[in-house]
Amino acid sequence: MGAPVSTALLAFGGATAGASSALVKVGSTPVIPQGARVLGALPSANELDLTIALAPQDPAGLQALATEVSTPGTPLFRHYLSVSQFAQQFGATPLQIAAVQSTLRSQGLGVGTPTANDLTIPVTGTAAQVQKAFSVSESQVKLPSGRVAYANAQAPTLQSSIARYVQGVIGLDNVNPDQPAGMSTQTRPTAKLARAAARPHVPTGGPQPCPSATALQPGGGLTADEIATAYQFSGLYGTGDLGAGQTIARFEEQPYRPTDIATYQACYGTSTSVTNVDIAGGPGPFAGADLESALDIEQAIGLAPKANILVYEGPDTATVQIISTIVSQDVAKVISSSYGLCEALTGGTTINAENLLLQEAALQGQSFFISSGDSGSNMCFQADQTNTTLSVIDPGGQPFATGVGSTTLFADSGGSAVFYTPGYTPVQGVWNDGFVNNKASGSGGGISSSFAMPSYQASAPPARAQSAQSS
């Protein structure tokens with residue numbers, strides 16, 4: 001059955017207990033769910049994909065400039081930097097990067113090319129090489145869900161001579177991967193969106209659905225023009241550009257089937273360019289069912305059919321790599337994600353690395369939008385159903401991200417289900433269904449434990465002034 005995590009991880013960590021005092025921590029250990037058990041050491045030949053998050057030059061200056069560039073009325077408002085300007089001013093220096101690369105290569109690790117922002121380096125190696133390079137021991141852990149993960153028993157370390165150039169090592173475990181948010185399959189007993197049997201069509205000026213889309217049964221979903229109408233988006237179609245000239249970056253961690261996107265476009269008569277950018281080998285093979293990724297892409301097509309869509313897709317442990325690639329390429333000024341993990345399980349190393357990358361995005365004029373999650377103020381519950389602590393989603397709680405919470409649409413204040421009527425604006429309310437099918441169900445939100453309330457939320461009630469809000 002394996003040993004309890006609390007004792008077994010310590011046992012497997014004995015080989016590195018005598019590490020030199022010259023070693024400095026550059027990361028942390030993961031939070032292991034209750035009931036997990038260690039099965040043994042991770043096979044030494046197993047390959048691991050890591051991200052080295054480099055320490056920036058002048059972090060205080062970076063935060064101050066990102067805030068000023070993003071704040072209306074300041075002298076530098078919207079005075080954006082290019083990626084090369086950012087790297088020169090705030091990225092790690094060439095000498096620092098070379099020192100880190102040389103040391104890691106000397107340990108037998110495969111060291112990739114730094115991203116253009118000079119903030120991250122991809123690294124690969126076997127479990128044996130990784131354990132030696134970072135003075136950790138890697139174990140296999142069976143989680144209560146039945147999934148077998150791997151985890152490091154100690155915080156990674158590096159020699160002090162280069163540790164000062166490294167903000168953290170990411171990827172030493174996969175115990176708590178990102179969760180897709182906003183793709184609910186449960187029945188909502190009080191707020192189900194029913195459809196009139198012969199609902200009228202409201203012209204929106206945007207893509208129009210084919211008959212097979214409008215023939216869906218009650219509760220079967222909403223067409224793009226219905227979404228546009230419900231959220232008062234139709235007027236934006238009137239400008240005529242439909243997203244022309246813009247590029248949208250989709251952050252995705254699940255594979256999708258391109259033929260399903262093609263079928264959607266054929267239905268709506270659109271020809272939106274959709275291009276994949278694989279990170280860390282991509283999200284894996286298609287498993288037979290389109291989930292979050294297809295939904296995200298199709299919604300973007302329906303609302304901005306003439307925009308270009310870049311789908312940055314990787315495994316559910318590659319959050320930092322995906323964000324770093326998006327901001328390093330700086331092709332898309334709109335970045336949208338429906339994936340995240342509660343702050344309490346994310347870990348400070350990842351949170352801090354994301355924070356720097358999102359500050360870079362702000363300095364480059366890129367806007368990052370992230371789902372606020374769908375487990376209310378108990379976001380950890382979505383990943384670990386023994387964890388009911390209060391926590392917001394990360395990166396939704398980041399000061400330089402915009403957390404977007406979902407809503408329920410009602411026909412009136414009494415909660416009538418049928419809302420789609422010509423010229424009618426539905427009543428919006430927070431999505432909060434409590435517990436459904438033993439799952440916490442509600443639009444995410446709460447108070448960040450990692451960040452103080454940013455200045456742009458100064459008008460919020462004083463009682464909340466000690467921490468940031470994720471809305």
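Located above this text is the structure these notes cover.
None of the values given here were measured: they were computed from a predicted structure.

About the criteria used
- Residues numbered from 1 in each chain as written.
- Predicted model: local features only at pLDDT ≥ 70, side-chain atom pairs only at ≥ 80, totals over all residues.
- Heavy atoms only, no water.
- Disulfide = S-S within 2.5 Å.
- Helix = DSSP H or I, 4+ residues; strand = E, 2+ residues; numbered from the N terminus.
- Buried < 20%, exposed > 50% of the residue type's maximum accessible area, 1.4 Å probe, protein only.
- Polar contact = N/O pair within 3.5 Å; in protein donor to acceptor, adjacent residues only side chain to side chain.
- Contact = heavy atoms within 4.5 Å.
- Pairing = 2+ DSSP bridges.
- Axes fitted to C-alpha atoms, helices over the stretch in contact; angles between N-to-C directions.
- 1 Å grid on protein atoms, 1.4 Å probe; cavity = no way out; pocket = protein on both sides within 12 Å on 5 of 7 lines; lining within 4 Å.
- Points joined across faces, edges and corners; volume = space filled by probe spheres on them.
- Core = buried A, V, L, I, M, F, W, Y, C linked by side-chain atoms within 4.5 Å.

## A closer look at the state of the cysteines
Per the counting criterion, the structure on display carries two disulfides. Two residues, Cys210 and Cys267, share a disulfide whose sulfurs are 2.1 Å apart. Disulfide Cys210 to Cys267: torsion about the S-S bond roughly -100°, handedness left-handed. Of this pair, Cys210 sits in the loop between strand S11 (179-180) and helix H7 (211-214) while Cys267 sits in helix H10 (residues 258-268), and the two are 57 residues apart along the sequence. For the pair Cys210 and Cys267, a shared accessibility class is recorded, and that class is buried. What pairs with Cys342 in a disulfide is Cys380, and their sulfur atoms sit 2.1 Å apart. Handedness here is read from the sign of the S-S torsion; for Cys342 and Cys380, about 100°, the answer is right-handed. Linking Cys342 in strand S16 (residues 339-342) with Cys380 in helix H15 (residues 380-383), this pair joins segments that are 38 residues apart in sequence. Pair check on accessibility: Cys342 and Cys380 agree, each one buried. Counting only the cysteines that take part in disulfides, in the order they occur along the protein chain, gives the pairing 1-2, 3-4.

## Looking at the side chain of Thr346
Among the secondary structure elements, Thr346 is positioned in helix H13 (residues 343-346). Separated by 3.3 Å, the side chain of Thr346 and the backbone oxygen of Leu341 make a polar contact. Apart from the residues within four sequence positions on either side, Thr346 is in contact with Leu341, Ile351 and Asp394.

## Details of the sheet that holds strand S6 (residues 120-126)
The four strands are arranged S5-S6-S4-S10 in an open sheet whose pairing can be described as antiparallel. Edge strands, defined here as strands with exactly one partner in the open sheet, are strand S5 (110-111) and strand S10 (166-170). Pairing analysis gives four bridges linking strand S4 (residues 47-54) to S10, with the strands arranged antiparallel. Note that in S10 the partner of Ala53 across the bridge is Gly168. This element, helix H5 (residues 127-134), spans S4, S6 and S10 of the sheet and lies at about 120° to S6. Across the sheet, helix H14 (residues 348-363) lies against S4 and S10, angled at about 120° from S10, the strand it touches most.

## Focus on empty space enclosed by the protein
Tallying each qualifying case throughout the model produces one cavity of 30 Å³ or more. Of the volumes computed, that of the largest cavity is approximately 40 Å³. Every residue along the wall of the largest cavity is listed here: Ala53, Leu54, Leu119, Thr120, Gln167, Ala353, Leu356 and Leu357. At the level of secondary structure, the elements contributing two or more residues to the lining of the largest cavity comprise S4 and H14.

## Quick word on the nonpolar core
By size, the foremost hydrophobic cluster in this structure holds 35 residues, and its most contacted members are Phe90, Tyr312, Ile322, Ile323, Leu363 and Phe368. Those elements that provide at least two residues to this core are helix H2 (59-70), helix H3 (83-90), strand S12 (247-252), strand S14 (308-313), helix H12 (319-329), H14 and strand S17 (367-371). Here the element with the most residues in this core is H14; it accounts for seven residues. Apart from the residues lying within four places of it in its own chain, the contact partners of Phe368 are Ile323, Ile335, Ser337, Leu358, Pro395, Phe400, Ala401 and Thr402. Counting 27 residues, the second largest nonpolar core, distinct from the first, contains Val130, Tyr165, Val166 and Leu172.

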